[in-house]
Structures are given as structure tokens and as C-alpha cells.
Amino acid sequence: MSLFGVSQHRSGNKLVQRERDRIQKDEELKTRAEELESMKALATEVEFQSSSQAGSARDQRSLKRAQEGELRLARAALTMVRRAALQELLEQEHRQYAQELSRLGKAFYLQRR
């Protein structure tokens, strides 16, 4: 046990020390891996936010163009409706004026073509 026990004890200490070193390295690797995963997640989130903001800006420009186009069409439609209503009003006034003149025995002068 004296010589044999000492060498066994020393070799046991070396094995224990190697195991502790291995465990410590594994823990360091695990910590680094977790930090790396955390950084990856953060980078992915930042990339997503920047792309959504760029996409959002693009979508807003597209939406603005679409709204401007719709507004132009709405103005054109409103103009057409107003013209039609004004035309109808003028025709109605012309008929009413013609009826009044007819009651008085008069008529519009119509030039022959």
C-alpha cells in the first residue's frame, strides 16, 4: 500500500483533475453556445424588424400611390356626376322655359340647318 497506494492515489488525483478540467471545459463550451444562440436570436430579430420596417415603408408608399389613384378616379367620377346633373338641370329649365313661352304664344328661334 505504501508505494502502490501512493501511486494509486496520485493517479486517482490525476483522473479526478482531468475529469474536473473536462467538466469545466464542457461548461465553458455550453456557456459559449448559449451566448452564440442568444446572439443568433437577437440578430434574427433585428433583421426581421429591419426588413419589416423596410417592407412597411414599401407598403406605405404602395398604399399611398393606391390611395392617390383612387382619389383621382373619385374626382373624375364626381366631375362626371356633376356634369350629368348640370346637363339634366339645364334641359329641365329649357323645357320649362319653352312651356312658359308656349303659353304666351311664343317660341324659341331655331335656325334651320
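Preceding this section is the structure that the text describes.
Throughout this document, residue positions are counted from 1 along each chain, in the order its sequence is written. This being a predicted model, a pLDDT of at least 70 is required before a residue's local features are given, and a value of 80 or more before pairs of side-chain atoms are given or counted; all residues contribute to the totals for chains, interfaces and linings. Values reported for side chains reflect all heavy atoms of the structure, with hydrogen atoms and water molecules removed beforehand.

Glancing now at the overall build of the protein chain. Helix and strand counts for the protein chain stand at one helix and zero strands. Each residue gets one of three labels from its accessible area relative to the maximum for its type: buried under 20%, exposed over 50%, partly exposed in between, using a 1.4 Å probe on protein chains only. Every one of the 113 residues in the protein chain was classed for burial, and the buried ones make up 4%. Here the protein chain has roughly 11,200 Å² of accessible surface; of this, 56% comes from carbon and sulfur atoms. To qualify as a helix, a DSSP run of H or I must reach at least 4 residues; to qualify as a strand, a run of E must reach at least 2; elements of each kind are numbered from the N terminus. Calculation of accessible area relied on Shrake-Rupley with a 1.4 Å probe; when residues are assessed, cover is drawn exclusively from the protein chains displayed.

Whenever Lys or Arg places a side-chain nitrogen within 4 Å of a carboxyl oxygen from Asp or Glu, that contact is recorded as a salt bridge. Tallied over the full model, the rule gives four salt bridges. Two residues, Arg22 and Asp26, come together in a salt bridge whose shortest N-O distance is 2.8 Å. Residue Arg22 and its partner Asp26 are located together in helix 1 (residues 2-104), separated by four residues, close to a single helical turn. In this structure Arg22 comes out as partly exposed when scored by relative accessible area, which is 43%. Under the relative-accessibility criterion, Asp26 is labelled partly exposed at 38%. In this structure, Lys40 engages Glu37 in a salt bridge whose closest nitrogen and oxygen atoms are separated by 4.0 Å. With a gap of three residues between them, Lys40 and Glu37 both fall in helix 1, about one helical turn apart. For Lys40, a relative accessible area of 47% translates into the label partly exposed. One network of salt bridges, with partners in common, ties together Glu19, Arg22 and Asp26.

Like-charged residues are merged into a patch within 9 Å and nonpolar side chains (Val, Leu, Ile, Met, Phe, Trp, Tyr) within 5 Å, provided each residue has over 30% relative accessible area and no salt bridge. Taken together, the side chains of Leu86, Leu89 and Leu90 make up a nonpolar region of the molecular surface, amounting to roughly 270 Å² of accessible area. Following the sequence through the fold, Leu86 ends up in helix 1.

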